[in-house]
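Okay, here's what each chain looks like letter by letter:
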Amino acid sequence: MPDYSQRLAREAAKWASHLELEEAGQWTMWSDHPVIVQNYRQRARIDGMEWEDWIANALGGPAERSLDLGCGSGSQSMRLFDAGATREVHGYDLTPERVQLAEHERRARGIPGGFQVADANTLRLPERHYDLICSSHSFHHFLELEHIMAQVHEALRPGGLFVLNEYVGPTQFQWHAADLRVVNARLAMLPDRLRRMADGRVKDCEGRPLPSEVEAESPFEAIRSGEIAPLFHQHFEIVFTRQLGGNLQQLLYNGIIQNFLLEDAEAMHHLRGILALENALVDHGVMQSHFQLLVGRRKSNPAHVAGAPVDESSWQQLETTLRQFQTMDPERLNNVLSGFLPPD
């Protein structure tokens, strides 16, 4: 097995190569689609505001200094600055090419701060230094979760906030069987042309990848993602949580999102139906949301951090509900799912 430094190098190279797709504006995953993005951001609103706008109100003004862990090309930090949520932006990322882009943008705009190349797993952060620390769609690539959570806790100033906008679903994409049943039942309702992949094949199902396949694609992809939310609740006093979904869409649209063009009425009819279905399943507690917005602050008693209990009853209730979907016969399941299709 490759050593840690080799895995880090492969991870950085993976996300450097992805820049070409991003710059070309191609839809390569569900979260690239503008209608899905709009729904995602709507679900992430706090008190009717985009969460970046809400931050300044919650802090009583802009953060003097913010930190973005896994900052990528700096887009999240720029949004926070533009929203008046921070005066000075800082960030760390593993990929030099992305940090270079972030620094170029920051300097071109004259924004105070700095972005640096660093491994979040080994960072030592200065104590009580930041009013705002965030991470957006990067934390699920971090391995040393307990270390990072502890560093963030101590690096926050009193009253400061830690915001995670993150994938917290099954580790290494080991999807629940019940989730796959719902995904594949809804996938079967799509016409062939919307299920056609780039290589010409028609997608007939979504499966569960082997952990080795996930690692081959990205060495730290979702490496401990299923532990993120419980650890966040242990380490921080919870201010807000938002359930953002992704359970169906991340799987169903894998390899076919490019077919759902805005000008295609049939495609958009199905897309909105899938949105309605996923929102309903998450909002009614049938599915534990794979993507969450978590907002927390320092605990008043740091000694309590390591021992906070995890509520097992909610997980047991979820498992019971999911088993009901597993045992439902395919015809009845299709009828249930069809009920979530919006009217023409």
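Because the structure is predicted, anything quoted here is derived from the model rather than measured.

## Comments concerning empty space enclosed by the protein
Enumeration over the complete set of coordinates arrives at one cavity of 30 Å³ or more. Of the pockets and cavities examined, the largest cavity occupies roughly 30 Å³. Around the largest cavity sit Leu 69, Ala 120, Leu 123, Leu 125, His 147, Ile 148 and Gln 151, which together line it. When residues of the lining of the largest cavity are assigned to their parent elements, the largest contribution, three residues, is made by helix α7 (residues 145-155). Residue classes in the lining of the largest cavity are distributed as five nonpolar, two polar and no charged.

## Quick notes on helix α3 (residues 34-43)
Buried within α3 we find Val 35, Ile 36, Asn 39, Tyr 40 and Arg 43. The buried residues of α3 all sit within an arc of 140° when viewed along its axis, so they share a single face. Turned more than 90 degrees away from the buried face of α3, the exposed residues are Gln 38 and Gln 42. Against β5 (156-167), β6 (237-245), α11 (249-252), α12 (265-283) and β7 (291-297) lie the buried residues of α3.

## Some details on the state of the cysteines
Evaluation of the coordinates by the stated rule reveals zero disulfides. Cys 71 supplies the cysteine sulfur nearest to Cys 134, a cysteine that is in no disulfide, at a spacing of 9.4 Å. On the basis of relative accessibility, which here comes to 3%, the residue Cys 134 falls in the buried class.

## Some thoughts on the confidence of the model for the protein chain
For the protein chain, per-residue confidence averages 89 on the pLDDT scale, and 87% of positions sit at 70 or higher. Low pLDDT, under 50, characterises residues 303-315; the predicted model gives this stretch 12 contacts beyond four residues in sequence or across chains.

## Here we look at unusual backbone geometry
With phi around 60°, His 137 is a residue other than glycine that occupies positive phi space. Relative to the helices and strands, His 137 is located in the loop between β4 (130-136) and α7. On the basis of relative accessible area, His 137 is assigned to the partly exposed category, the value being 34%. A positive phi is found at Phe 173, a non-glycine position, where the angle reads about 60°. Mapped onto the secondary structure, Phe 173 falls in the loop between β5 and α8 (177-187). For Phe 173, a relative accessible area of 15% corresponds to the buried category.

## A short note on the pairing of β5
Along any regular strand, the residues point their side chains to alternate faces of the sheet. Within β5, nine of the 12 residues are buried, which leaves it mostly tucked inside the rest of the structure. Each parallel crossover has a hand, and the one from β4 via α7 to β5 is right-handed. Bridging between β5 and β7 involves seven bridges; their strand directions are antiparallel. For Asn 165, the partnering residue across the bridge sits in β7 and is Leu 293.

## Regarding the side chain of Asn 259
Secondary-structure assignment places Asn 259 in the loop between α11 and α12. Accessibility expressed as a relative area gives 17% for Asn 259, which makes it buried. Only 3.1 Å separates the side chain of Asn 259 from the backbone oxygen of Leu 194, close enough to count as a polar contact. For Asn 259, the residues in contact, after removing those within four places along its chain, are Arg 193, Leu 194, Arg 195, Arg 196, Asp 264 and Ala 267.

## Considering the sheet that holds β5
Strands sit in the order β3-β2-β1-β4-β5-β7-β6 across an open sheet of seven strands; the sheet is mixed. This sheet does not close on itself; its edge strands, each paired only once, are β3 (113-117) and β6. Taking each pair of neighbouring strands and ignoring which way they run, the sheet shows an average axis angle of 10°. Of the strands in this sheet, β5, β6 and β7 are in contact with α3, which crosses β6 at around 155°.

## What about the pattern of salt bridges?
Taken as a whole and judged by the stated rule, the model has 20 salt bridges. Of the charged contacts in the structure, one is a salt bridge between Arg 79 and Glu 52, with a shortest N-O distance of 3.6 Å. Placement of the pair is Arg 79 in helix α5 (residues 75-82) and Glu 52 in helix α4 (residues 51-59), with a sequence separation of 27 residues. The exposure class assigned to Glu 52 is buried, which follows from its relative accessible area of 3%. For Asp 192, the salt bridge is made with Arg 195, and the minimal N-O distance between the two is 2.5 Å. One connected set of salt bridges, linked through shared partners, spans Arg 41, Arg 45, Glu 50, Glu 52 and Arg 79.

Reading the values: the criteria
- Residues numbered from 1 in each chain as written.
- Predicted model: local features only at pLDDT ≥ 70, side-chain atom pairs only at ≥ 80, totals over all residues.
- Heavy atoms only, no water.
- 1 Å grid on protein atoms, 1.4 Å probe; cavity = no way out; pocket = protein on both sides within 12 Å on 5 of 7 lines; lining within 4 Å.
- Points joined across faces, edges and corners; volume = space filled by probe spheres on them.
- Helix = DSSP H or I, 4+ residues; strand = E, 2+ residues; numbered from the N terminus.
- Nonpolar A, V, L, I, M, F, W, Y, C, P; charged D, E, K, R; others polar.
- Buried < 20%, exposed > 50% of the residue type's maximum accessible area, 1.4 Å probe, protein only.
- Arc of directions from axis to C-beta.
- Contact = heavy atoms within 4.5 Å.
- Disulfide = S-S within 2.5 Å.
- pLDDT = per-residue confidence, 0-100.
- Right-handed = clockwise from strand over helix to strand, strands pointing away.
- Pairing = 2+ DSSP bridges.
- Polar contact = N/O pair within 3.5 Å; in protein donor to acceptor, adjacent residues only side chain to side chain.
- Axes fitted to C-alpha atoms, helices over the stretch in contact; angles between N-to-C directions.
- Salt bridge = Lys/Arg side-chain N within 4 Å of Asp/Glu carboxyl O.

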